[in-house]
Amino acid sequence: MTTTSTELTLLRLSWKLRGDVEPARRREIRRELRAHLRSSAAEIGQKEALRRLGDLDDLAREYREAERGRPRGPRIGSGVVSAIAVWVLLIVLDGRTIMSWNDLESRGDFDPWTWTLGAPNGMASLLTFSGDVELGLLLDVQVHRLGYILLPVLAFLIGARSWRAIHRPRSFPQRWRRAAP
Amino acid sequence: MQTASHDSQILKGVLGLVLLHLIDERESYGYELVERVHGIGLTDVPDGSIYPALGRLERDGHVTSHLVPSPSGPARKYYRLSPSGRDLLAARGAAWLRLVDAVTPLLNPNGSGPTGGAP
């Protein structure tokens, strides 16, 4: 039986662990303690089960110590949010003209510049920025098809901290101890 | 069974060793381990303390865990000793016995009193 006070206790513990323990691991901790409290409450009652769980500050401190150094996994949710944010930004920027080319050319002192992220004038272009040299203005942004694909993917990889998926060996001293006869 | 209160610092130090030994006896899930820890007389270990201690052993690769469906609720997370956990149990067990051998005669020179007497 899951009750409000059990959930409140678990949320309070989870709140105390924020910043030190990853959200996914905090959910796992809540799930494990919820199962424990359910079994314990069935035998001794919910109030006593919560009391026997111990002081929440002490428990949070023990968890923080125990979780320190635990390898952290990628954050898929953050990656998705980053990718969507970049994709929306690209849509907003694409074709955004600050001053029309015709207006500028009519001024007679038009000295354009363009800079392309990726290979210029090719299939591998991601973004092209155009402007005027004298005015120093950014006049136009064009997002290429490849940019719509690669830039959100890049944002996902960075936002998700994808490098955490690469397994890293544990500390050397521990490995040495294990290898010692 | 001795149920007198124990020094929390000593308990904290020895809890990992106790858990390694209990898991070595048989795979167990969290609540079962809490009951087994209380069952050997360490009744003043807060239930919650067992789980961070298990998390630490798991983080260091001394125990592994797997989920097993439970007939009476959500799946249970069973803990199993790894080879490095077995090595650690042997090393810590031997160190604990050496410590007890060294300290007990100091506290109990005549072989009587609290440490040598009835529970």
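All of these numbers come straight from a predicted model, not from anything done at the bench.

Examining the pairing of strand β2 (residues 63–70) of chain B
Residue and element names in this part refer to chain B.
Consideration 1: Sheet topology places β2 next to strand β3 (residues 73–81); seven bridges connect them, and they run antiparallel. Paired with T64 across the bridge in β3 is R80.
Consideration 2: What sits between the antiparallel neighbours β2 and β3 is a turn of two residues.

Considering the environment of D24 of chain B
Residue and element names in this part refer to chain B.
Consideration 1: Along the chain, D24 falls in helix α1 (residues 8–25).
Consideration 2: C-beta crowding within 10 Å serves as the criterion here: with 16 such atoms nearby, D24 is assigned to the partly exposed category.
Consideration 3: Between the C-alpha atoms of D24 and Y79, which are 55 residues apart in sequence, the distance is 9.5 Å.
Consideration 4: Those residues in contact with D24 that sit more than four places away from it in its chain are L81, R86 and L89.

Structural notes on the environment of P23 of chain A
Residues and elements named next belong to chain A.
Consideration 1: Looking at where P23 falls in the secondary structure, it is placed in helix α2 (residues 23–44).
Consideration 2: By C-beta crowding, P23 is classed as partly exposed, having 13 other C-beta atoms within 10 Å.
Consideration 3: Expressed as a C-alpha distance, the spacing of P23 and R75, which sit 52 residues apart in the sequence, is 9.1 Å.

Focus: the interface of chain A and chain B
Consideration 1: Between chain A and chain B, the residue contacts involve 19 residues of the former and 19 residues of the latter.
Consideration 2: Where the side of chain A that touches chain B is concerned, the elements lending two or more residues are α2, α3 (46–53) and α4 (56–67) of chain A.
Consideration 3: The element contributing the most residues to the side of chain A that touches chain B is α2 of chain A, with seven residues.
Consideration 4: For the side of chain A that touches chain B, a count of residues per class yields six nonpolar, five polar and eight charged.

Some words on the confidence of the model for chain B
Detailed reading of predicted coordinates is not advised where the pLDDT is low.
Consideration 1: Residues at a pLDDT of 70 or more form 87% of chain B, whose mean pLDDT is 85.
Consideration 2: Here the prediction assigns the complex a pTM of 0.63, and the interface score ipTM is 0.78.

Quick look at helix α3 (residues 47–59) of chain B
Residues and elements named next belong to chain B.
Consideration 1: Most of α3 is tucked away: eleven of the 13 residues are buried.
Consideration 2: Every buried residue belonging to α3 is among D47, G48, S49, I50, Y51, P52, A53, L54, G55, R56 and L57, and all of these are buried.
Consideration 3: At the exit of α3 stands G61, carrying a positive phi of roughly 80 degrees.

Structural notes on the nonpolar core
Consideration 1: Core analysis: the largest hydrophobic core is formed by 33 residues, its most contacted members being Y63 of chain A together with L19, I50, A53 and L54 of chain B.
Consideration 2: Counting only elements with at least two residues in this core, the list comes to α1 (4–17), α2, α3 and α4 of chain A together with α1, α2 (30–39), α3 and β3 of chain B.
Consideration 3: Considering every element that reaches this core, the biggest residue donor is α3 of chain B, with five residues.
Consideration 4: Non-local contacts of Y63 of chain A, meaning those with residues more than four positions away in its chain, are made with L17, V21 and I29 of chain A together with P52 and G55 of chain B.

Conventions used here
Residues numbered from 1 in each chain as written. Chains lettered and ligands numbered in written order. Predicted model: local features only at pLDDT ≥ 70, side-chain atom pairs only at ≥ 80, totals over all residues. Pairing = 2+ DSSP bridges. Helix = DSSP H or I, 4+ residues; strand = E, 2+ residues; numbered from the N terminus. Buried ≥ 20, exposed ≤ 12 C-beta atoms within 10 Å, placed from the backbone. Contact = placed C-beta atoms within 7 Å. Nonpolar A, V, L, I, M, F, W, Y, C, P; charged D, E, K, R; others polar. pLDDT = per-residue confidence, 0-100. Core = buried A, V, L, I, M, F, W, Y, C linked by C-beta atoms within 7 Å.

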